[in-house]
Amino acid sequence: MFYGRNEALMTDLYELTMANGYFQTGNAERKAVFDVFYRDNPDNASYSVFAGLEDVLQFLSGLSFAKDDIDYLRSLGIFSDAFLAYLADYRFRGDVYAFREGSIVYPEEPLVTIVAPLLDAQIVETAILSLINHESLIATKANRIVLAAKGRAVSDFGARRSHGFDAAVFGAKASYIGGVQSTATVLAGKKFGIPVSGTMAHSFVMAFENEYDAFLAYSKIYPDNVVLLIDTYDVLGSGIQNAIKLAQEYLHPRGLKLKGVRIDSGDLAYLSKKCWKILDQNNLEETKIIASNALDEYKIRSLIDQGAMIDSFGVGENLITSKSNPVFGAVYKLAAIEKDGKLVNKVKLSNTVEKITTPGFKEIYRVYSNGKAIADLLSFKEEIVGNADPYPVIYPRKPWKQISFSDVEYRKMHQKVMEEGKVLIPSPSMQERRDFLRYQVENELWEEEQRFEYPHIHYLDFTKSLYEEKLRLVKENSNG
């Protein structure tokens, strides 16, 4: 079960036709290694944020086919009775290696590696990619928006513009990992313990005889959280004036405060500066100004550059859909398969060089110098890395260059998170995942990698043995 739902058929049909083929040909139990990786960072960024691991483990550990699933598959008329009987008692039996959720990650490196019987590894492909592609995409976008806000709070306002219920809820979860402080989506708050925020919409103001009456009614109901939407009619002509009147005539005499005002339209830079000046003149300088309205990282950066007096941002459609780059693009590729009791490395060729895969059961290291990450390094799982100083490596995009590491620290990035279908690690809290990402950005990531335009590209190097094995397999298989 996946959060109480039976999602076993969340798969492409060809995963099941291939699984049936393995079953019929006696290949189902052969051990296989599959890697999940992506090829390009969204928005031409230098890095991405890995999210979705908890949900992958939730899916795999609870995967089973119900009777109505089997009945439906039988109705398709393409699967053998023996295969369907096998699925009726199916449980995932594989091992999973992965980055820690909330990790900064880079193209071409395995985010997740599945080591499992071939049939098991095949039928889970679609679900794994769906979860990682969506949540890593939104976490990455959220992190960009939070960086642009430069310490100002960001809230997810995206549910109404999301691509359905799950996109809203799991998108809110990914956004929180990416650094937003709260979500407007109540179900996400309940399910994942994310702080929720929200006050009123224009319809609330319009439902009363006038703007002031709406503000007064709201304040009486929620006296400890008075945040008013001031752009229903006229921000400067009535909205901010009625907010000040309410503060002076109703809130202050009762020892209450006007916590904030929100602007959802118009020239946000101009209006925020004008509102701040008016608030300051009326001794309401502690009142926060919140802005929303189709914001993204570039608009937020522009507002800050213009001197906008905005304390926090509500971001909707551009966050929850990653509107500027709505596809993460992670893929799931076979890297090795068992033959005669040993794993045999596999490579997928392509006329597009970037689509040639990297073979083998691999380990991924992050290389640090003086606390900063300077590169990632791919090796075979069994290799001993860093046993020489300097330690020679190969940068595949420029293999002719002589590159080596000296006086550095190597940290393994994969952890074994599942063994024979059983989860090995406790799930970190949402706050821990969020804090982990923030620590990496603030302490390990070069400022040059955080640029929105022309960021520094993080190097992904290979050990010599891995690179030579890839070249060997490319040559061996280039003629079919």
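The following paragraphs examine the structure supplied in this document. (Residues numbered from 1 in each chain as written. Predicted model: local features only at pLDDT ≥ 70, side-chain atom pairs only at ≥ 80, totals over all residues. Heavy atoms only, no water.)

Between its terminal C-alpha atoms helix 7 (residues 165-178) stretches 20 Å, which fits the 20 Å expected from 14 residues at 1.5 Å a residue. Where burial is concerned, most of helix 7 is hidden: 12 out of the 14 residues are buried. (Helix = DSSP H or I, 4+ residues; strand = E, 2+ residues; numbered from the N terminus. Expected span 1.5 Å × (residues − 1). Buried < 20%, exposed > 50% of the residue type's maximum accessible area, 1.4 Å probe, protein only.)

In this section: the environment of V112. Relative to the assigned elements, V112 resides in strand 5 (residues 112-117). Here V112 falls in the buried class, since its relative accessible area comes to 0%. With 307 residues separating them in the primary sequence, V112 and E419 have C-alpha atoms 14 Å apart. When neighbours within four sequence positions are excluded, V112 is seen to be in contact with F34, D35, V36, F50, V96, Y97, A98, I132 and H414. (Contact = heavy atoms within 4.5 Å.)

With that out of the way, let us pick up the side chain of S292. Mapped onto the elements of the fold, S292 is located in the loop between strand 10 (288-291) and helix 13 (297-305). Judged by its relative accessible area of 2%, S292 is buried. Of note is the side chain of S292, whose polar atom sits 2.9 Å from the side chain of R262. Residue contacts for S292: discarding those within four places in its chain leaves F157, R262, I263, D264, L268 and G314. (Polar contact = N/O pair within 3.5 Å; in protein donor to acceptor, adjacent residues only side chain to side chain.)

This paragraph deals with the packing of aromatic side chains. Within the structure shown, the criterion is met by 22 aromatic pairs. Where F34 meets Y332, the ring centres are 4.8 Å apart and the plane angle is 20°; that geometry is what we call stacked. Placement of F34 in strand 1 (residues 31-37) and of Y332 in strand 12 (residues 331-339) is noted, with a sequence separation of 298 residues between them. Residue F34 is classed as buried on the basis of its relative accessible area of 4%. Residue classification places Y332 among the buried positions, given a relative accessible area of 4%. For the ring pair Y395 and Y459, a centre distance of 5.1 Å and an interplane angle of 90° mean the geometry is edge-to-face. (Phe/Tyr/Trp six-rings, centres within 6.5 Å; stacked < 30°, edge-to-face > 60°.)

Peptide bonds are trans in most cases, and residues, glycine excluded, mostly fall at negative phi. Cis geometry marks the peptide bond from D389 to P390, where omega comes out at 10°. With respect to the helices and strands, P390 occurs in the loop between strand 15 (372-380) and strand 16 (391-393). Non-glycine residue N44 carries a positive phi angle of around 55°. Its place among the elements puts N44 in the loop between strand 1 and strand 2 (48-49). Of note, the phi angle at N293 is positive, near 115°, even though the residue is not glycine. Mapping N293 onto the fold places it in the loop between strand 10 and helix 13.

Once that is clear, we can look at the pattern of salt bridges. Counted under the stated rule, the structure contains 30 salt bridges. Between R144 and E297 there is a salt bridge whose closest N-O contact spans 2.7 Å. In this pair, R144 is assigned in helix 6 (residues 125-149) and E297 in helix 13, connecting sequence segments 153 residues apart. The two residues R144 and E297 agree in class, both being buried. Among the ionic pairs, E444 bridges to R411, the shortest N-O distance being 3.2 Å. Of this pair, E444 sits in helix 15 (residues 430-444) while R411 sits in strand 18 (residues 409-412), and the two are 33 residues apart along the sequence. Judged by its relative accessible area of 11%, E444 is buried. Taking the relative accessible area as the measure of exposure, R411 reaches 29% and is therefore partly exposed. Overlapping salt bridges bring together E54, D55, E101, K173 and R433 as one network. (Salt bridge = Lys/Arg side-chain N within 4 Å of Asp/Glu carboxyl O.)

Turning next to the sheet that holds strand 9 (residues 260-263). If you trace the 6 strands from one edge of the open sheet to the other, you get 7-6-11-10-9-8, paired in parallel fashion. The sheet terminates laterally at strand 7 (182-183) and strand 8 (227-229), the two strands that pair on one side only. By the bridge criterion, 2 bridges tie strand 10 to strand 11 (residues 312-315) in an arrangement that is parallel. Residue pairing for strand 11: I290 is matched across the bridge by S312. (Pairing = 2+ DSSP bridges.)

Attention now moves to the pairing of strand 1. Put simply, side chains in a regular strand alternate between the two faces of the sheet. With 6 of 7 residues buried, strand 1 is to be regarded as a mostly interior element. Judged from the 6 bridges that link them, strand 1 and strand 5 form a sheet pairing that is antiparallel. Opposite K31, over in strand 5, you have P117 as the bridge partner. Pairing between strand 1 and strand 12: 6 bridges, direction antiparallel. Among the inter-strand pairings, F34 is bridged to a residue of strand 12, identified as L334.

These results come straight from atomic positions and should not be treated as a statement about function.
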